[in-house]
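A structural walkthrough
Spelled out from the first residue to the last, the chains are:
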Amino acid sequence: MLHTPSLPAVLRAALDPAPAHAPAPGDRLAAVLAPLVESPEPSLIFTVRSAGLSRHAGEVSFPGGLVDDGESPADAARREAFEEIGLDPAAVRIVGSLPAVHTYVSAILVVPFVGLLEREPSLVPSEAEIQEIVRVPLSQLATVERTMTLPRTDGGTWEGWAYPVNGHTIWGATGFMLHSFLDILREEAPWALG
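The structure displayed is predicted, hence computed values, not measured ones.

1. Side note on the pattern of salt bridges
Tallying each qualifying case throughout the model produces ten salt bridges. Of the charged contacts, one joins Arg 135 and Glu 120 as a salt bridge, the two residues approaching to 2.5 Å between their closest N and O atoms. Taken together, the positions of Arg 135 in strand 8 (residues 130–137) and Glu 120 in the loop between strand 7 (108–117) and strand 8 put the pair 15 residues apart, joining distant regions of the chain. Since its relative accessible area comes to 29%, Arg 135 is described here as partly exposed.

Here it is, written out as structure tokens:
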């Protein structure tokens, strides 16, 4: 009988356990948490940002934000997830990070961490920042993934990945992070995608 490794073991082996990213001059460092609920089926938790925010209003993202002075990116990801959706930092097992993503419009280097949750957590969105919390099974994300091309204001084009789910579209920096994560799972743990 073949042994199937556990999802946490696969992710620990595939993700960067100690990312050391430094933003370029003029850029800022941020971190996000990709909360991965293991049971009853592997699912990711996203936020829909409030429409009244000055940046990225209404967009779907992982909880996160800028890293404070003296704070590690992993600690910033946990703190922001607590502030935005009430996720208990003690309930999250960070298993590593995905490749960092640079957002050119806001000049931010974002380090995405994958945090495991054994079961569905009790969450409460921050009224000031979060309009909605969305949980999406990995199998659904893998099925709806498509490429997306948009015109840029400088005359060029932006190309990335898009995921239409639950009346929303995940794209932009979060789309790049999600594509990277799904690629790891396709290679190392296809059984996690259903």
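2. A word on the pairing of strand 10 (residues 157–165)
Sheet topology places strand 9 (residues 146–151) next to strand 10; six bridges connect them, and they run antiparallel. The residue of strand 10 that forms the bridge with Thr 147 is Trp 161. Connecting the antiparallel pair strand 9 and strand 10 is a turn made up of five residues, with Gly 155 showing a positive phi of about 95 degrees. Here strand 10 pairs with strand 11 (residues 168–170) via three bridges, running antiparallel. Counted as the bridge partner of Val 165 is His 168 from strand 11. The loop that links strand 10 with its antiparallel partner strand 11 comprises two residues; one of these, Asn 166, has a positive phi angle of about 50 degrees.

3. Considerations on the side chain of Ser 97
Tracing the sequence through the fold places Ser 97 in strand 5 (residues 93–97). Ignoring sequence-local partners within four residues, the contact set of Ser 97 consists of Leu 15, Asp 16, Pro 19, Val 111, Pro 112 and Phe 113.

4. As for the environment of Ala 81
Tracing the backbone shows Ala 81 in helix 2 (residues 73–85). Residue class for Ala 81 comes out buried when judged on its relative accessible area of 1%. Ignoring any residue separated from it by four or fewer positions in sequence, one finds Ala 81 in contact with Leu 33, Pro 63, Gly 86 and Leu 87.

5. Observations concerning the nonpolar core
Among the nonpolar cores identified, the biggest contains 36 residues, and Leu 11, Leu 36, Leu 44, Phe 46, Leu 141 and Phe 181 are the most heavily contacted of them. When contributions to this core are tallied by element, the ones reaching two or more residues are helix 1 (7–14), strand 1 (28–37), strand 2 (43–49), strand 7, strand 8, helix 3 (138–144), strand 10 and helix 4 (172–188). With six residues, helix 4 is the single largest residue contributor to this core. In this structure, Leu 36 is in contact with Leu 7, Leu 11, Pro 42, Ser 43, Leu 44, Val 114, Gly 115, Leu 116, Leu 117, Leu 138 and Phe 181, ignoring residues within four places of it in sequence. Ranked by size, the runner-up nonpolar core spans 18 residues in total, among them Leu 29, Ala 74, Ala 81 and Leu 87.

About the cut-offs
- Residues numbered from 1 in each chain as written.
- Predicted model: local features only at pLDDT ≥ 70, side-chain atom pairs only at ≥ 80, totals over all residues.
- Heavy atoms only, no water.
- Salt bridge = Lys/Arg side-chain N within 4 Å of Asp/Glu carboxyl O.
- Helix = DSSP H or I, 4+ residues; strand = E, 2+ residues; numbered from the N terminus.
- Buried < 20%, exposed > 50% of the residue type's maximum accessible area, 1.4 Å probe, protein only.
- Pairing = 2+ DSSP bridges.
- Contact = heavy atoms within 4.5 Å.
- Core = buried A, V, L, I, M, F, W, Y, C linked by side-chain atoms within 4.5 Å.

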